[in-house]
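# Observations on the three-dimensional arrangement
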Amino acid sequence: MQTTLILLKPDTIQRGLIGEIVARIERKWLKIVGLKMMQLNDAIINEHYDFLMSKPFFPMLKAYMQSAPVVALAVSGNDAVKTIRTLTGATNPAEALPGTIRWDYALTIDANIIHASDSPETAEKELKRFFKEWEICEFEKITDKVV
Ligand code: CMP
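Since the structure is predicted, the reported quantities are computational estimates derived from the model, not experimental observations.

Here the focus is the nonpolar core. Judged by nonpolar contacts, the single largest core of 21 residues is most densely connected at Ile21 and Ile25. Sorting the residues of this core by element identifies strand S1 (2–8), helix H2 (18–27), strand S3 (70–77), helix H5 (80–88), helix H6 (101–105) and strand S4 (114–116) as the ones contributing at least two each. Residues within four places of Ile25 in sequence aside, it is in contact with Ile6, Leu30, Ile32, Val75, Ile84 and Leu87.

Here it is as C-alpha coordinates:
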(Lines give C-alpha, C1' and ligand atoms only; values in the text may rest on other atoms or scores of the structure.)
Protein backbone atom coordinates (compact mmCIF):
# COMPACT_ATOMS: atom_id res chain seq x y z
CA MET A 1 0.00 0.00 0.00
CA GLN A 2 1.39 3.41 -1.01
CA THR A 3 0.36 6.95 -0.13
CA THR A 4 0.83 9.87 -2.50
CA LEU A 5 0.32 13.64 -2.46
CA ILE A 6 -2.09 15.51 -4.71
CA LEU A 7 -2.54 19.27 -4.93
CA LEU A 8 -5.68 20.63 -6.57
CA LYS A 9 -4.26 23.89 -7.90
CA PRO A 10 -5.89 27.36 -7.74
CA ASP A 11 -7.65 26.99 -11.10
CA THR A 12 -9.48 23.92 -9.76
CA ILE A 13 -10.81 26.04 -6.90
CA GLN A 14 -11.64 29.04 -9.14
CA ARG A 15 -13.52 26.87 -11.61
CA GLY A 16 -15.49 24.96 -8.96
CA LEU A 17 -13.98 21.61 -9.90
CA ILE A 18 -12.92 20.32 -6.47
CA GLY A 19 -15.88 17.95 -6.15
CA GLU A 20 -15.58 16.57 -9.68
CA ILE A 21 -11.90 15.79 -9.33
CA VAL A 22 -12.17 14.33 -5.83
CA ALA A 23 -15.04 12.15 -7.13
CA ARG A 24 -12.78 10.74 -9.85
CA ILE A 25 -10.16 9.82 -7.25
CA GLU A 26 -12.78 8.13 -5.07
CA ARG A 27 -14.36 6.34 -8.03
CA LYS A 28 -10.99 4.69 -8.72
CA TRP A 29 -11.34 3.07 -5.24
CA LEU A 30 -8.39 4.97 -3.91
CA LYS A 31 -8.60 5.94 -0.24
CA ILE A 32 -8.41 9.59 0.80
CA VAL A 33 -6.52 9.67 4.11
CA GLY A 34 -5.87 13.43 4.33
CA LEU A 35 -7.60 16.49 2.86
CA LYS A 36 -7.24 20.21 3.54
CA MET A 37 -7.37 23.65 1.93
CA MET A 38 -4.21 25.77 2.19
CA GLN A 39 -3.05 29.20 1.06
CA LEU A 40 0.59 28.52 0.13
CA ASN A 41 3.28 30.85 1.48
CA ASP A 42 6.60 31.66 -0.22
CA ALA A 43 8.56 29.14 1.85
CA ILE A 44 6.48 26.09 0.94
CA ILE A 45 6.37 27.00 -2.77
CA ASN A 46 10.12 27.64 -2.90
CA GLU A 47 10.72 24.25 -1.28
CA HIS A 48 8.16 22.37 -3.39
CA TYR A 49 9.35 23.81 -6.70
CA ASP A 50 13.01 24.19 -5.71
CA PHE A 51 14.10 22.24 -8.83
CA LEU A 52 12.35 24.83 -11.05
CA MET A 53 13.64 27.97 -9.34
CA SER A 54 16.10 28.82 -12.12
CA LYS A 55 13.46 28.45 -14.86
CA PRO A 56 12.16 31.63 -16.51
CA PHE A 57 8.57 30.58 -15.76
CA PHE A 58 9.17 30.19 -12.00
CA PRO A 59 7.80 33.65 -11.01
CA MET A 60 4.65 32.97 -13.04
CA LEU A 61 4.29 29.49 -11.49
CA LYS A 62 4.66 30.95 -8.01
CA ALA A 63 2.12 33.72 -8.64
CA TYR A 64 -0.34 31.17 -10.03
CA MET A 65 0.11 28.84 -7.04
CA GLN A 66 -0.60 31.78 -4.70
CA SER A 67 -3.52 33.22 -6.67
CA ALA A 68 -6.05 31.22 -4.60
CA PRO A 69 -5.85 28.36 -2.08
CA VAL A 70 -4.97 24.80 -3.09
CA VAL A 71 -6.56 21.61 -1.80
CA ALA A 72 -4.00 19.05 -0.60
CA LEU A 73 -4.91 15.38 -0.51
CA ALA A 74 -3.08 12.34 0.81
CA VAL A 75 -4.31 9.33 -1.13
CA SER A 76 -3.56 5.67 -0.42
CA GLY A 77 -3.95 2.53 -2.45
CA ASN A 78 -2.24 -0.23 -4.34
CA ASP A 79 0.48 1.41 -6.50
CA ALA A 80 -1.09 4.79 -5.62
CA VAL A 81 1.76 6.93 -7.03
CA LYS A 82 1.64 5.41 -10.51
CA THR A 83 -2.15 5.09 -10.50
CA ILE A 84 -2.64 8.77 -9.67
CA ARG A 85 -0.01 9.88 -12.21
CA THR A 86 -1.86 7.88 -14.88
CA LEU A 87 -5.16 9.44 -13.81
CA THR A 88 -3.72 12.99 -13.90
CA GLY A 89 -2.04 12.61 -17.32
CA ALA A 90 1.07 14.31 -18.73
CA THR A 91 2.26 17.62 -17.21
CA ASN A 92 1.50 19.38 -20.49
CA PRO A 93 -2.27 19.00 -21.01
CA ALA A 94 -1.72 19.00 -24.79
CA GLU A 95 0.15 15.71 -24.34
CA ALA A 96 -2.20 14.18 -21.76
CA LEU A 97 -4.21 11.20 -22.95
CA PRO A 98 -7.96 11.61 -23.43
CA GLY A 99 -9.79 10.56 -20.29
CA THR A 100 -7.11 11.85 -17.94
CA ILE A 101 -7.83 14.78 -15.61
CA ARG A 102 -5.48 17.15 -17.42
CA TRP A 103 -6.90 16.23 -20.80
CA ASP A 104 -10.46 16.71 -19.57
CA TYR A 105 -10.00 19.98 -17.66
CA ALA A 106 -6.76 21.78 -18.62
CA LEU A 107 -5.42 23.52 -21.70
CA THR A 108 -2.02 24.98 -20.76
CA ILE A 109 1.06 23.73 -18.93
CA ASP A 110 1.08 26.73 -16.60
CA ALA A 111 -2.48 26.12 -15.36
CA ASN A 112 -2.59 22.35 -15.38
CA ILE A 113 -5.17 21.83 -12.58
CA ILE A 114 -3.41 19.23 -10.46
CA HIS A 115 -0.04 18.16 -9.04
CA ALA A 116 0.78 14.56 -8.13
CA SER A 117 3.99 13.10 -6.68
CA ASP A 118 6.13 11.46 -9.36
CA SER A 119 7.71 8.61 -7.35
CA PRO A 120 7.29 6.87 -3.97
CA GLU A 121 10.40 8.71 -2.69
CA THR A 122 9.03 12.10 -3.78
CA ALA A 123 5.63 11.22 -2.30
CA GLU A 124 7.19 10.58 1.09
CA LYS A 125 8.92 13.99 1.06
CA GLU A 126 5.91 15.85 -0.33
CA LEU A 127 3.48 14.33 2.17
CA LYS A 128 5.72 15.54 5.01
CA ARG A 129 5.86 18.98 3.38
CA PHE A 130 2.08 19.41 3.23
CA PHE A 131 0.73 17.30 6.12
CA LYS A 132 1.51 16.99 9.81
CA GLU A 133 1.67 13.38 10.96
CA TRP A 134 -1.65 13.72 12.82
CA GLU A 135 -3.41 15.05 9.73
CA ILE A 136 -3.04 11.70 7.95
CA CYS A 137 -5.83 9.37 9.13
CA GLU A 138 -5.40 5.68 9.72
CA PHE A 139 -8.64 3.80 9.29
CA GLU A 140 -10.07 0.76 7.62
CA LYS A 141 -12.26 1.42 4.61
CA ILE A 142 -14.70 -1.20 3.44
CA THR A 143 -12.88 -1.38 0.07
CA ASP A 144 -9.60 -2.29 1.82
CA LYS A 145 -10.98 -5.84 2.01
CA VAL A 146 -11.48 -6.14 -1.75
CA VAL A 147 -8.73 -4.08 -3.40
P1 CMP B 1 3.53 20.11 -11.59
O2 CMP B 1 3.13 18.72 -11.83
O3 CMP B 1 2.98 20.82 -10.41
O4 CMP B 1 5.12 20.17 -11.50
C5 CMP B 1 5.87 21.28 -11.90
C6 CMP B 1 5.02 22.39 -12.48
O7 CMP B 1 5.70 23.38 -13.18
C8 CMP B 1 4.09 21.75 -13.50
O9 CMP B 1 3.12 20.96 -12.89
C10 CMP B 1 3.61 22.96 -14.27
O11 CMP B 1 2.52 23.59 -13.62
C12 CMP B 1 4.83 23.88 -14.18
N13 CMP B 1 5.55 23.91 -15.45
C14 CMP B 1 6.34 22.98 -15.94
N15 CMP B 1 6.85 23.37 -17.12
C16 CMP B 1 6.34 24.61 -17.36
C17 CMP B 1 6.49 25.55 -18.42
N18 CMP B 1 7.28 25.29 -19.49
N19 CMP B 1 5.83 26.69 -18.33
C20 CMP B 1 5.06 26.96 -17.26
N21 CMP B 1 4.87 26.10 -16.20
C22 CMP B 1 5.52 24.94 -16.27
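Moving on to the packing of aromatic side chains. The final tally for this structure, using the stated rule, is 1 aromatic pair. An angle of 50° between the planes, with centres 6.4 Å apart, marks the rings of Tyr49 and Phe51 as tilted. For Tyr49, a relative accessible area of 5% puts it in the buried group. When its relative accessible area of 60% is taken as the criterion, Phe51 is described as exposed. One residue, Lys31, lies across the ring of Phe139, its end atom 4.8 Å from the ring centre. Over the face of the ring belonging to Phe131 we find Lys36, whose NZ or CZ atom lies 5.1 Å from the ring centre.

Rules and cut-offs
- Residues numbered from 1 in each chain as written.
- Predicted model: local features only at pLDDT ≥ 70, side-chain atom pairs only at ≥ 80, totals over all residues.
- Heavy atoms only, no water.
- Core = buried A, V, L, I, M, F, W, Y, C linked by side-chain atoms within 4.5 Å.
- Buried < 20%, exposed > 50% of the residue type's maximum accessible area, 1.4 Å probe, protein only.
- Helix = DSSP H or I, 4+ residues; strand = E, 2+ residues; numbered from the N terminus.
- Contact = heavy atoms within 4.5 Å.
- Phe/Tyr/Trp six-rings, centres within 6.5 Å; stacked < 30°, edge-to-face > 60°.
- Lys NZ or Arg CZ within 6 Å of the ring centre and 35° of its normal.

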